[in-house]
Amino acid sequence: MKIVNAEDLEVEQQHNWEELSTNHEVIQTETHNYYYWKNFIRQTGTCEISLKLKTVVYYCDLHNHTKTNSILEERLHSERH
C-alpha cells in the first residue's frame, strides 16, 4: 500500500485552469471612534471600515474542478482622520 499526500497528487494531475468569473465586493467590517477639534470644542466622529475584496473563480474542464482565490484589494475608511 502506497501513501500519497495531497501535494504529490496535485503534481501528478495536470489541470487546465481557466478564469470563470470575477467578483468585486465591499464588506463592512468594523467601526471606531476618533476625536477632532471644531471651534475649540472636542468632537467625536465615527469611522466605518470596509474591505474591498476581489474573488476569482477558476474552472478545470479536464477534471471538473473549481477553485477560488480571494484578494484584499483595499481597506476603506468612511472618514478622513
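Just so you know, these numbers come straight off a predicted model, no measurement behind them. (Residues numbered from 1 in each chain as written. Predicted model: local features only at pLDDT ≥ 70, side-chain atom pairs only at ≥ 80, totals over all residues. Heavy atoms only, no water.)

Chemist: Could you clarify how one ought to interpret the overall build of the protein chain in this entry?
Modeler: Of the regular secondary structure elements, the protein chain holds 1 helix and 3 strands. Scanning the protein chain from its N terminus toward the C terminus, one meets helices and strands in the order α-β-β-β. Counting over 81 residues, the protein chain shows a buried share of 10%. Contacts in the protein chain between residues at least 24 apart in sequence constitute 55% of all its contacts with a sequence separation of at least 6. (Helix = DSSP H or I, 4+ residues; strand = E, 2+ residues; numbered from the N terminus. Buried < 20%, exposed > 50% of the residue type's maximum accessible area, 1.4 Å probe, protein only. Contact = heavy atoms within 4.5 Å.)

Chemist: For this particular structure, what's the right way to read the environment of His32?
Modeler: Along the chain, His32 falls in strand S1 (residues 17–38). Exposure remark for His32: the relative accessible area of 25% places this residue in the partly exposed category. Separated by 13 residues in sequence, His32 and Gly45 have C-alpha atoms that sit 8.5 Å apart.

Chemist: How should I be thinking about the sheet that holds strand S3 (residues 65–77) in this particular structure?
Modeler: Strand pairing within a sheet occurs via backbone hydrogen bonds; the two strands may be parallel or antiparallel. In spatial order, the strands read S1-S2-S3; together these 3 strands make up an open sheet with antiparallel pairing. Among the strands making up the open sheet, the edge pair consists of S1 and S3. The mean inter-strand angle of the sheet, taken between neighbouring strand axes irrespective of direction, is 15°. One ladder, built from 20 bridges, connects S1 with strand S2 (residues 41–60); its direction is antiparallel. (Pairing = 2+ DSSP bridges. Axes fitted to C-alpha atoms, helices over the stretch in contact; angles between N-to-C directions.)

Chemist: It is not clear to me how the confidence of the model for the protein chain should be interpreted in this structure. Could you clarify?
Modeler: Any residue range with low pLDDT should be treated as having predicted coordinates unsuitable for detailed reading. Mean pLDDT over the protein chain: 87, with 85% of residues reaching 70 or higher. Highest mean pLDDT in the protein chain belongs to S2 (95); lowest belongs to helix H1 (residues 6–12) (55). (pLDDT = per-residue confidence, 0-100.)

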